[in-house]
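Listed below are the residues making up each chain.
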Amino acid sequence: MTEPSRDWDVAYRQETPPPWSIGRPQPELAVLIDEGNIRSDVLDAGCGHAALSLALAARGHTVVGLDSSATAIQAAALAAAEQGLTTATFAQADVTNFRGYDGRFSTIMDSGLFHALPPEKRQDYLQSILRAAAPGAALYILAFATGALGDADHGGPRGFTETELREAVSTLWRVDDLRPAKVYGNAGPSSDGPLAHLERDEDGHFMAPGFLLTAHKPD
């Protein structure tokens, strides 16, 4: 969940994990893995601490995690080494303008990155991952809905309406499905503000409204 135009190392250097690092893959994406919908090689775009990449590698997938934060990449590589996961590799990169993987990935997974990008960088990102995608590659994007965590002008993430998300992605990708989904995160309960009214799971993670988009690279 990192935006290339900002220095996200600050968030990853804190003693406590950033709100988007829940210590496991986002549940909506974990279901895709469990159902056998993921094909290698996999790109984890904006991997952060890379819980998703590590889970994929543990299932035998070859996965590359890219993130703009050097601190996150170092932590992800260390975790992979500690777990003996040799099929997961990581690199620091601007996800809106990266090269070196042309036509490689059969699956691209976006676990909360797209809504964190500046609007003017979204098409650059979609073009970059399209270039890295193999023919017919699948794309999965998990993103916040508009207003999920409050107003973007007051610190909340830039979410999407269903129409906005579909139209943004369909400029380059063929959208196959778009459905409501939950985006999980870390934040303590509060008596007011948008978090006060959100559901919580058994571990205390908030569950914010979002969407799961499924698309593929056109022929």
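Residues numbered from 1 in each chain as written. Predicted model: local features only at pLDDT ≥ 70, side-chain atom pairs only at ≥ 80, totals over all residues. Heavy atoms only, no water.

### Comments concerning the overall build of the chain
The number of helices and strands found in the chain is 6 helices and 8 strands. Shown N-terminal to C-terminal, the secondary structure of the chain runs as helices and strands in the order α-α-β-α-β-α-β-β-α-β-α-β-β-β. Its C-alpha atoms give the chain a radius of gyration of 16 Å, within 12% of the compact-globule value 17 Å for 219 residues. Along the longest, intermediate and shortest principal axes, the C-alpha atoms of the chain span 50 × 40 × 35 Å. In the chain, buried positions account for 52% of the 219 residues. At a minimum sequence separation of 6, the contacts of the chain that also span at least 24 residues come to 72%. If you sum the accessible surface of the chain, you get close to 9,900 Å²; carbon and sulfur atoms cover 48% of it. (Helix = DSSP H or I, 4+ residues; strand = E, 2+ residues; numbered from the N terminus. Rg over C-alpha atoms; globule rule 2.2 N^0.38 Å. Buried < 20%, exposed > 50% of the residue type's maximum accessible area, 1.4 Å probe, protein only. Contact = heavy atoms within 4.5 Å. Areas by Shrake-Rupley, 256 points an atom, 1.4 Å probe, with all protein chains shown as cover.)

### A look at the packing of aromatic side chains
For the structure shown, the criterion picks out 4 aromatic pairs. Between F98 and Y101 the ring centres are 6.2 Å apart and the planes differ by 65 degrees, which places this aromatic pair in the edge-to-face class. Y101 matches F98 in its accessibility class, with the two residues each being buried. Aromatic side chains F114 and F160 sit 5.2 Å apart centroid to centroid with 15 degrees between the ring planes, which places their arrangement in the stacked category. In this pair, F114 sits in the loop between strand 4 (105-111) and helix 5 (122-132) while F160 sits in the loop between strand 5 (133-144) and helix 6 (162-169), placing the two residues 46 residues apart along the sequence. The pair F114 / F160 is uniform in exposure class, with both members buried. Grouping aromatic residues by their ring pairs yields a cluster made of F98, Y101 and F105. (Phe/Tyr/Trp six-rings, centres within 6.5 Å; stacked < 30°, edge-to-face > 60°.)

### Let's talk about the UniProt feature "domain: Methyltransferase" (unreviewed entry) in the chain
Within the UniProt annotation, "domain: Methyltransferase" (unreviewed entry) is assigned to residues 42-136. Secondary structure content for residues 42-136 is 34% helix and 26% strand, while the C-alpha to C-alpha distance between its ends is 13 Å. (UniProt positions renumbered as here; feature names shortened; annotations may be inferred.)

### Concerning helix 5
With 8 of 11 residues buried, helix 5 is to be regarded as a mostly interior element. By the burial criterion, the buried members of helix 5 are R122, Y125, L126, S128, I129, L130, R131 and A132. Considering only its buried residues, helix 5 is in contact with strand 1 (42-45), strand 4, strand 5 and helix 6.

### Thoughts on the nonpolar core
Counting residues in each nonpolar core, the largest one holds 34 residues, and the members touching the most others are F114, Y125, I129, V169 and W173. Those elements giving two or more residues to this core turn out to be strand 1, strand 2 (63-67), strand 4, helix 5, strand 5, helix 6, strand 6 (174-185) and strand 8 (206-216). Filtering out sequence-adjacent residues up to four positions away, V169 remains in contact with F114, L126, L139, I141, V175, L213 and A215. Listed in part, the 31 residues of the second largest apolar core include L29, I73, A76 and L198. (Core = buried A, V, L, I, M, F, W, Y, C linked by side-chain atoms within 4.5 Å.)

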